[in-house]
Amino acid sequence: MADNILEIRNLGVRFKTDTGVTNALNDVNFDVPRGKVTAIVGESGSGKSVTANCIMRLLQPPGEIVNGSIHFNPSRTAPFDVVAISDRDPRIYDLHGGLISMVFQEPMTALSPVHRVGNQVAEAILCHRDVSKDAAMAEAHDMLSRVGIPDIDTRIQMYPFEFSGGMRQRVVIATALVCNPEVLICDEPTTALDVTIQAEILTLIKDLQEELSNSIIFITHDIGIVAQIADYVVVMYQGRVLEIGTVRQVLKDPLHPYTKGLLAAIPGNVPKSVRLSTIATAVGDADITTPYPLKEVGEGRLVSLP
Amino acid sequence: MLHYVIKRMGTMVLTLAFISVIVFVVIQLPPGDIVTSTLERMEASGMQASDEYVQNLRARYNLDKPLYLQYLNWIFNFVQGDLGYSYIYSKPVNELVWERLGYTLLITISAVIFTWVVAVPFGIYSAVRQYSIGDYFITVVALIGLATPNFLLALLVMFFAWEWFGISIGGLYSMEFRDQPFSIPKLFDLLSRLWIPGSVVGMGGTAVTMRILRANLLDELNKPYVVTARAKGVKPIKLIFKYPLRIAINPFISTLGLLLPTLISGEAIVSMVLNLPTTGRMLLQALLAQDMYLAGSFLMLLAILTVVGMLISDLVLAWSDPRIRYE
Amino acid sequence: MSEAVLERPQPIALETPDELNFLTPRQLAWRRFKRHRLALISAVILIVMYLVTGFAEFFAPYATTSRNVGAINAPPMNVRFFEHDGTFHLRPFVYGYDLHINEQTWAREYSENPEKIYPLRFFARGETYELWNLFEGDIHFFIAENDEGDGYIHFLGTDQLGRDVFSRVIYGGRISLSIGMLGIGLTLFLGVLFGGFAGYLGGWIDRIVQRMIEVLQSLPTLPLWMALTAALPAHWSSLRIYFGVTIILSLFGWTALARQVRGRFLALRNEDFVIAARLIGSGQNRIIFKHMMPSFLSHTITTATLAVPGVILGETALSFLGIGIRPPIVSWGVLMEQAQNYQVISMTPWILYPGLFVVIAVMAFNILGDGLRDAADPYNMGGQ
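Only a predicted model underlies this, so the values are computations on that prediction, with no experimental measurement involved.

Caption draft 1: Expanded view of the overall build of chain C. If you tally the helices and strands in chain C, you get 14 helices and 4 strands. Relative to all contacts within chain C whose residues are 6 or more apart in sequence, the contacts with residues 24 or more apart total 67%. As presented, chain C carries roughly 19,300 Å² of accessible surface, and 62% of it is formed by carbon and sulfur atoms.

Set out below in structure tokens:
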């Protein structure tokens with residue numbers, strides 16, 4: 001049996017609104033291997049972020065988890081089911097930033113505009129460990145230098161609006177990593193950034209992962225990024241998991257018609273003279289909406305096909 | 001920050017200069033002046049005024065000079081602390097206005113305090129428990145408070161205090177203290193009665209502020225940085241107080257500046273109904289009698305009160321929100 | 001590059017009903033507005049108020065100056081279906097007053113006289129009137145009269161001259177509500193004029209207008225209104241005073257609106273969709289009327305609606321102080337002028353009824369404005 005830090009089983013989430021009930025996740029199953037990068041790929045509304053929010057127990061009403069379990073097996077504490085613990089359980093606060101951290105999509109808005117960046121990083125430490133404010137600030141200083149913030153002594157006293165997008169994302173990453181979480185969830189951390197900055201941030205995440213050897217869940221819709229950073233891939237569509245495998249398996253040998261469509265729609269995968277297809281045309285008439293259960297077609301290789 | 005303070009003070013002086021022109025024009029507007037009304041009174045009592053007497057009178061009140069000179073004269077003296085002479089009271093304006101203005105300030109400040117003390121907790125509750133029964137109840141009360149004219153509220157409070165408790169709440173002091181010299185018990189008596197005009201004046205503003213705070217807070221509660229803070233392990237109570245409230249309070253402080261003109265307006269009329277020794281009643285008398293120095297001084301001083309209040313709220317805002325002072 | 005292709009929500013149909021994709025902005029706004037039930041109710045209340053006060057001569061049983069000398073400071077009457085002995089009448093009726101003089105205080109005291117039954121008659125002939133000073137008539141919505149032709153009805157009691165408070169509230173509403181509308185018309189005009197110029201021309205005109213707005217917004221309005229209305233000449237007719245007061249009330253009210261119009265104008269000029277319209281070659285007029293107007297007209301109307309209460313409350317306060325509307329014209333403020341101290345109120349509390357109508361009207365305008373604001377916001381898909 002593989003060493004998984006997270007095992008998500010039959011996770012179902014629905015959103016109840018005035019206009020009706022939407023099933024955001026239907027029987028989602030996948031594992032997150034310890035110390036590896038697992039990418040969740042899918043288009044908008046496929047349930048990537050909802051899954052991440054469930055793992056963090058950050059799901060807000062009107063969303064609710066209706067069934068399933070998320071088995072969390074950290075090395076520092078006893079394993080538990082994230083879904084099963086109550087809202088008042090103190091383990092929730094261990095989870096938030098202590099055991100699992102999250103880097104968000106929008107660095108422009110993910111930081112409080114009225115608090116100095118140093119304080120915001122240090123606060124994460126103060127939430128989880130009983131240290132003095134000065135000690136926390138010293139650690140924050142340390143962490144900020146590790147994520148590559150130049151000129152820290154002055155920068156640490158500045159406000160987020162004085163930072164560029166890339167710098168802010170570095171601050172967000174520092175905040176997320178300062179308590180050395182076992183799992184880092186990156187929810188499209190580079191989408192809002194320029195291409196050059198994207199590359200820098202990706203390299204940073206990758207380097208820090210190798211250094212800290214934590215497990216990463218990397219949420220994206222960009223196959224290019226997946227190829228660069230991930231060890232394992234989970235393809236999601238319409239709240240379901242369609243295909244799971246190593247990055248090599250999924251990208252070289254996609255089994256599900258949707259995954260094939262996804263790959264066919266990437267520029268560069270087809271000759272320049274051929275017009276780039278959309279996912280829809282690439283998928284063609286293939287049935288991608290029927291929710292077949294995942295079946296195992298190899299070691300850790302699963303696909304939702306009849 | 002210092003740069004901002006200086007800049008803001010400069011604007012304030014400029015604003016006050018404009019206001020002084022407006023005030024001067026307004027008090028000059030009524031046809032006739034103090035001399036014509038004096039002459040009318042003399043004629044009515046059968047006296048004849050000689051041309052020379054009229055000339056002297058006009059010269060004494062500077063009415064023989066062109067308007068811009070009259071203005072410059074007035075504002076020059078005003079800045080130096082000479083507020084002119086009140087015809088109807090036959091006293092220097094200086095002897096009349098300051099105590100009343102002090103009470104106005106006192107009531108306005110208590111209205112501001114009332115506004116904050118009530119609006120902040122209820123606004124937070126309303127936002128955090130959005131669409132709960134409590135939220136609806138607060139909303140309805142706020143809507144009614146917003147729609148009730150100040151003076152009507154004052155009348156109702158006075159009426160019910162009389163009907164139910166048999167107490168007269170008019171005036172700032174209880175009967176037994178009214179003619180006493182100032183003392184510590186008298187001060188306590190004043191403070192114990194102050195909340196009535198304070199709450200009546202502050203009612204409308206409280207409703208507005210509460211709604212604004214609720215809306216701002218709801219906006220902020222959904223922002224990504226709140227989720228970020230939650231994701232790093234900040235506990236719920238701290239989450240509301242340290243993050244969204246901190247930001248939601250900023251527009252709230254600036255509304256306080258916009259609220260001041262309303263509060264001072266409200267104070268003027270409420271004090272007339274509640275029979276308080278503040279500016280309202282005397283200003284009305286002065287206006288009706290065309291007592292231009294008295295009326296002008298009141299208008300100008302109330303405007304200064306407002307503008308300085310707004311300055312303070314702006315400075316507090318700049319201190320609380322770094323984005324403003326770095327602009 | 002891959003994003004653009006991937007992010008397209010295909011090929012599955014949207015969860016929202018299809019028709020939503022084909023509604024015009026106006027239809028969408030109406031849809032959002034209809035969801036705001038309180039705003040809808042407020043709109044109905046206001047329409048009824050404007051209709052009733054507009055046809056005050058018909059709806060009010062008496063004229064503002066008609067006196068019932070037998071009922072001075074009389075309390076409100078109850079409309080009944082049952083007599084004291086339990087007899088049921090299909091036609092509602094009121095009991096006439098019985099007057100006693102209290103021997104100790106010499107105060108007038110009224111009680112119901114079960115002998116005097118005055119049935120309500122609808123669309124009946126009563127006092128003659130001239131509707132809007134144009135059409136003569138004597139049909140009233142209701143009066144109370146027995147078969148002998150005797151009777152009177154004072155829903156909300158009478159004042160110290162025996163005038164019917166209910167009728168006076170209706171006539172007073174005509175003035176207070178019309179000042180609200182007229183004042184807002186002027187406010188709109190001034191606001192759009194100054195705001196439009198400032199936003200459109202920019203430069204030093206913009207700076208001057210902005211400074212003006214700042215100055216006016218930092219003035220305590222009531223004292224200034226007092227100064228200006230007190231300056232209205234005493235010999236003016238009530239009608240001229242009415243217009244004078246309206247102008248004075250709008251003189252300081254346009255700033256919020258101007259600020260908004262200016263801000264919208266500036267923001268819209270650089271908005272992507274406006275630039276896009278310019279780039280595809282839309283003419284200046286088309287840009288202003290087709291692209292910019294819809295997105296700021298709705299906001300302007302909303303702000304205007306939310307400004308009506310200020311005008312109504314201002315008029316009421318000034319008239320209450322005796323320096324606003326002057327008799328014989330009555331407004332809600334004028335009606336409350338008598339209620340200057342609690343002795344009067346505790347003897348005849350019903351003279352505060354006009355205040356209730358002020359509260360209802362102002363509340364309705366505020367709620368309506370809120371509803372319009374939500375409906376006008378094109379990004380608010382409502383209710384979620």
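Caption draft 2: Focus on the packing of aromatic side chains. Taken as a whole, this structure holds 23 aromatic pairs over all chains when the rule is applied. The interplanar angle of 50° and the centroid separation of 5.7 Å between the aromatic rings of B:Trp74 and B:Phe78 together place this pair among those described as tilted. Of this pair, B:Trp74 and B:Phe78 are both found in helix 4 (residues 67-79), 4 residues apart, which corresponds to roughly one turn of the helix. Taken individually, B:Trp74 and B:Phe78 each receive the classification buried, so the pair is uniform in this respect. Each ring, one from B:Phe151 and one from C:Phe320, has its centre 4.0 Å from the other, and the planes form 15°; the classification is stacked. Remark: C:Phe320 occurs in helix 11 (residues 284-320) and B:Phe151 occurs in helix 7 (residues 150-165); the pair is interchain, linking two chains. Taking the relative accessible area as the measure of exposure, B:Phe151 reaches 1% and is therefore buried. By relative accessible area, which is 1% here, C:Phe320 ends up buried.

Caption draft 3: The packing of helix 1 (residues 2-28) of chain B against helix 13 (residues 292-320) of chain B, seen in detail. All names here are of chain B. Interhelical geometry of helix 1 versus helix 13 gives an angle of 160° and a closest axis separation of 10 Å. Between helix 1 and helix 13, the interaxial angle falls into the category roughly antiparallel. The interaxial crossing formed by helix 1 with helix 13 has right-handed handedness. Each residue belonging to the contact of helix 1 with helix 13 can be placed in one class, and the counts come to 22 nonpolar, 3 polar and 2 charged.

Caption draft 4: Geometry of helix 4 (residues 133-146) of chain A. All names here are of chain A. For helix 4, built from 14 residues, the straight-helix expectation of 20 Å at 1.5 Å per residue is met to within 8% by its first-to-last C-alpha distance of 20 Å. Within the sequence span of helix 4, burial applies to Ala-136, Met-137, Ala-140, Met-143 and Leu-144. Each buried residue of helix 4 sits inside an arc of 120° when the element is viewed along its axis, so together they form one side. Its buried side turned inward, helix 4 meets helix 3 (117-128), helix 5 (152-155) and helix 6 (165-177).

Caption draft 5: Focus on unusual backbone geometry. All names here are of chain A. Despite not being glycine, Asn-180 shows a phi value in the positive range, around 50°. Looking at the secondary structure, you find Asn-180 in the loop between helix 6 and strand 7 (183-187). With a relative accessible area of 35%, Asn-180 lands in the partly exposed category. Phi angles above zero are rare outside glycine, and Glu-188 is one such case at about 45°. Relative to the elements of secondary structure, Glu-188 occurs in the loop between strand 7 and helix 7 (195-212). We classify Glu-188 as buried; its relative accessible area is 6%.

Caption draft 6: Main features of the environment of C:Thr158. Residue and element names in this part refer to chain C. Within the secondary structure layout, Thr-158 lies in the loop between strand 4 (135-144) and helix 5 (165-201). As for Thr-158 and Asn-73, which are separated by 85 residues in sequence, their C-alpha atoms are 5.1 Å apart. Once you skip the residues sitting within four places of it in the chain, Thr-158 turns out to touch Ala-71, Ile-72, Asn-73, Ala-74, Arg-163, Asp-164, Val-165 and Trp-350.

Caption draft 7: How the structure looks around the side chain of B:Ser265. Examined against the element boundaries, B:Ser265 turns out to sit in helix 11 (residues 244-273). A polar contact is formed between the side chain of B:Ser265 and the backbone nitrogen of C:Leu222, at a distance of 2.9 Å. Contacts of B:Ser265, omitting those with residues within four sequence positions, involve C:Pro220, C:Thr221, C:Leu222 and C:Pro223.

Caption draft 8: Local environment of the sheet that holds strand 8 (residues 215-220) of chain A. Residue and element names in this part refer to chain A. One open sheet holds the 8 strands; their spatial order is 6-7-8-3-9-10-12-11, and the pairing between them is mixed. Every other strand in the sheet has two partners, leaving strand 6 (100-103) and strand 11 (295-298) as the edge strands with one partner each. Across this sheet, the average inter-strand angle for adjacent strands is 20°, counted without regard to direction. In terms of strand pairing, strand 3 (residues 37-41) meets strand 8 through 5 bridges, oriented parallel. Residue pairing in the sheet places Ala-39 in a bridge with Phe-218 of strand 8. Contacts from helix 7 reach strand 3, strand 7 and strand 8, with the element oriented near 160° to strand 8. Contacts from helix 10 (residues 257-264) reach strand 3, strand 9 (232-237) and strand 10 (240-246) within the one sheet, and its direction differs from that of strand 9 by about 100°.

Caption draft 9: The arrangement of the pairing of strand 8 of chain A in detail. Residue and element names in this part refer to chain A. Most of strand 8 sits out of view: 6 of its 6 residues are buried. The side-chain alternation of strand 8 yields two buried faces, one formed by Ser-215, Ile-217 and Ile-219 and the other by Ile-216, Phe-218 and Thr-220. With 5 bridges joining them, strand 7 and strand 8 adopt parallel strand pairing. Pairing of Asp-187 across the sheet is with Ile-219, part of strand 8. Considered for its hand, the β-α-β crossover made up of strand 7, helix 7 and strand 8 is right-handed.

Caption draft 10: Representation of the interface of chain B and chain C in the model. Listed per partner, the contact involves 44 residues of chain B and 39 residues of chain C. At the surface where chain B touches chain C, the tally comes to 0 salt bridges. On the surface where chain B and chain C come into contact, there are 2 residue pairs in polar contact (both at pLDDT 80 or more). At the level of secondary structure, the elements contributing two or more residues to the side of chain B that touches chain C comprise helix 1, helix 6 (133-147), helix 7, helix 11, helix 12 (279-288) and helix 13 of chain B.

Thresholds applied
- Residues numbered from 1 in each chain as written.
- Chains lettered and ligands numbered in written order.
- Predicted model: local features only at pLDDT ≥ 70, side-chain atom pairs only at ≥ 80, totals over all residues.
- Heavy atoms only, no water.
- Helix = DSSP H or I, 4+ residues; strand = E, 2+ residues; numbered from the N terminus.
- Contact = heavy atoms within 4.5 Å.
- Areas by Shrake-Rupley, 256 points an atom, 1.4 Å probe, with all protein chains shown as cover.
- Phe/Tyr/Trp six-rings, centres within 6.5 Å; stacked < 30°, edge-to-face > 60°.
- Buried < 20%, exposed > 50% of the residue type's maximum accessible area, 1.4 Å probe, protein only.
- Axes fitted to C-alpha atoms, helices over the stretch in contact; angles between N-to-C directions.
- Parallel < 35°, antiparallel > 145°, perpendicular 65-115°, else oblique.
- Left-handed = near helix turned anticlockwise from the far one by under 90°.
- Nonpolar A, V, L, I, M, F, W, Y, C, P; charged D, E, K, R; others polar.
- Expected span 1.5 Å × (residues − 1).
- Arc of directions from axis to C-beta.
- Polar contact = N/O pair within 3.5 Å; in protein donor to acceptor, adjacent residues only side chain to side chain.
- Pairing = 2+ DSSP bridges.
- Right-handed = clockwise from strand over helix to strand, strands pointing away.
- Salt bridge = Lys/Arg side-chain N within 4 Å of Asp/Glu carboxyl O.

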